[in-house]
Amino acid sequence: CCLFQLAMSSNSSTFLNEENPQGLTRNTTCLESPYSQTPSSFQDNPLQQLQLASQEVLEKAKKSGRSKCPRCGSSRMFYCYTCFVPVETVPTEEIPVVKLPLKIDIIKHPNETDGKSTAVHAKLLAPDDVTIYKYPCIPEYKEKRHETALIFPGPNSISVKDIALHLQKYAKKSVCYNDDDCSREPILKQAKIEPEEEKDLKEGISSNRSECTKLKKIVFIDSTWNQTNKIITDERLQGLLQIELKTRKTCFWRHQKGKPDTYLSTIEAIYYFLVDYHQEILKENYKGQYDNMLFFFTFMYTLIKNAKCCGRQ
């Protein structure tokens, strides 16, 4: 339930940090929208092109102040970052739900501060598709590595558009048939099959193999640069396909001092991956399907930006 400190660079191993409250004002051209916009209007508000659900519920909650978590009873603003649920003044039915094309695991470093996390946004907005783990309690990915990838920059990282090609080699090492098929003889050694039936069976196997080269889960690491090494070297993550994202600029208000503005927050990294995946892998026009992943992020961005502006007047 914390932050994702991962470098999103196309050619270098850079990492992001969500910890230090630095440099919001210099990130006025961040969060590239998938839609066209004029440079002037985009610089005035880099998030205005997103297709978001009404944030009136958050406006009302802001006026009401902190409220109780319906599960643990803690006093929170907007949502509880330990229970992953909205507070009492934010009705769940008024929070948008985003359906993702794959599952997302977020591995959080135990030393990360829960209250400074943007990873929790993903769980709140896509509860059926996002799971947050606190390291070292993470899943075993070895048996599913032909359908799982890790967002992490490095010398062996690939771009989103090359995912399908690289997953093929993992599929060759994995069983792509149903369990009840494994005990059977190869198709051509079974009882005599008519030519048309044989053709259909072969096409079915080809389809199954194709399914095995589809990405089904993506893993994000949620930690600072200094903490990442312990997680990335964990044997349970070894052998996973590593993916790096295109270079984008962050809008995060806790940007690490002295680090490039291409270091994204967790929710930004998730959002950008989904947009790239939709366009490069699903081969569909992006029409804002995942914009609501930034529902809480954009609201907080505006609050903090306005507070900074007022503070300078």
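Residues numbered from 1 in each chain as written. Predicted model: local features only at pLDDT ≥ 70, side-chain atom pairs only at ≥ 80, totals over all residues. Heavy atoms only, no water.

Here we take up the environment of lysine 161. Inspection of the secondary structure puts lysine 161 in the loop between β8 (148-151) and α4 (163-172). Sequence separation between lysine 161 and leucine 282 is 121 residues; the distance between their C-alpha atoms is 9.9 Å. Apart from the residues within four sequence positions on either side, lysine 161 is in contact with Glu280 and Ile281. (Helix = DSSP H or I, 4+ residues; strand = E, 2+ residues; numbered from the N terminus. Contact = heavy atoms within 4.5 Å.)

As a further point, take the side chain of histidine 109. Among the structural elements, histidine 109 can be located in the loop between β6 (103-108) and α3 (119-125). Taking relative accessible area as the criterion, histidine 109 reaches 6% and is therefore assigned buried. A polar side-chain atom of histidine 109 sits 3.0 Å from the main-chain amide nitrogen of asparagine 111. Once residues within four sequence positions are removed from consideration, histidine 109 is found in contact with Tyr135, Asp222, Ser223, Gln227 and Ile231. (Buried < 20%, exposed > 50% of the residue type's maximum accessible area, 1.4 Å probe, protein only. Polar contact = N/O pair within 3.5 Å; in protein donor to acceptor, adjacent residues only side chain to side chain.)

Helical geometry note: an α-helix holds 3.6 residues per turn, so side chains three or four residues apart project in the same direction. Those residues of helix α2 (residues 56-64) that sit buried are Val57, Leu58 and Ala61. Along the axis of α2, the buried residues cluster in a sector spanning 95°; they form a single face. The exposed residues of α2 that point more than 90 degrees off its buried face are Lys60 and Lys63. (Arc of directions from axis to C-beta.)

In this structure, proline 136 follows tyrosine 135 across a cis peptide bond, with omega equal to 15°. At phenylalanine 78, a position not held by glycine, the phi torsion is positive, near 75°. Positionally, phenylalanine 78 belongs in the loop between β3 (75-76) and β4 (79-80). Judged by its relative accessible area of 6%, phenylalanine 78 falls in the buried class.

By the definition in use, this model includes seven aromatic pairs. In textbook terms, an aromatic cluster arises when at least three aromatic residues are bridged by ring pairs, as seen for Tyr79, Phe295 and Phe296. It is arginine 76 that lies over the ring of tyrosine 81; its NZ or CZ is 4.1 Å from the centre. (Phe/Tyr/Trp six-rings, centres within 6.5 Å; stacked < 30°, edge-to-face > 60°. Lys NZ or Arg CZ within 6 Å of the ring centre and 35° of its normal.)

By size, the foremost hydrophobic cluster in this structure holds 55 residues, and its most contacted members are Ile218, Phe273 and Met293. With nine residues, the single largest contributor to this core is helix α8 (residues 266-280). A domain-level breakdown of this core finds at least three residues from each of domain 1 (63-95) and domain 2 (99-172 + 213-312). Sequence-distant contacts of methionine 293, that is, excluding residues within four places in its chain, are made with Val98, Leu100, Ala122, Leu125, Ala126, Ile267, Ile270 and Leu274. (Core = buried A, V, L, I, M, F, W, Y, C linked by side-chain atoms within 4.5 Å. Domains from an automatic or database assignment.)

Attention now moves to the pattern of salt bridges. Counted by the stated rule, this structure contains eleven salt bridges. In this structure, lysine 60 and glutamate 56 form a salt bridge, with 3.7 Å as the shortest nitrogen-oxygen distance. Taken together, the residues span about one helical turn, with lysine 60 and glutamate 56 both in helix α2 at a distance of four residues. For glutamate 56, a relative accessible area of 47% puts it in the partly exposed group. Between lysine 246 and glutamate 280 there is a salt bridge, with the nearest N and O atoms lying 3.8 Å from each other. Taken together, the residues lysine 246 in the loop between β10 (241-243) and β11 (263-264) and glutamate 280 in helix α8 connect sequence positions 34 residues apart. (Salt bridge = Lys/Arg side-chain N within 4 Å of Asp/Glu carboxyl O.)

Turning our eyes to something else, we now look at the sheet that holds β10. Within the open sheet, the five strands sit side by side as β7-β6-β9-β8-β10. Their pairing is parallel. Every interior strand has two partners, whereas the edge strands, β7 (130-134) and β10, have only one. The mean angle between the axes of side-by-side strands here comes to 25°, regardless of whether they run parallel or antiparallel. Both β8 and β10 contribute to a ladder of three bridges, which runs parallel. Looking at the pairing, isoleucine 151 lines up with isoleucine 243 of β10. With respect to the sheet, α8 is in contact with β6, β8 and β9 (217-222), its orientation differing from that of β9 by roughly 155°. (Pairing = 2+ DSSP bridges. Axes fitted to C-alpha atoms, helices over the stretch in contact; angles between N-to-C directions.)

With that out of the way, let us pick up the environment of isoleucine 243. Residue position: isoleucine 243 is located in strand β10. The spatial distance from the C-alpha of isoleucine 243 to the C-alpha of valine 160 is 6.5 Å, given a sequence separation of 83 residues. Setting aside chain neighbours within four positions, we find isoleucine 243 in contact with Ala149, Leu150, Ile151, Phe152, Pro153, Ser157, Ile158, Ser159, Val160, Ile163 and Ile218.

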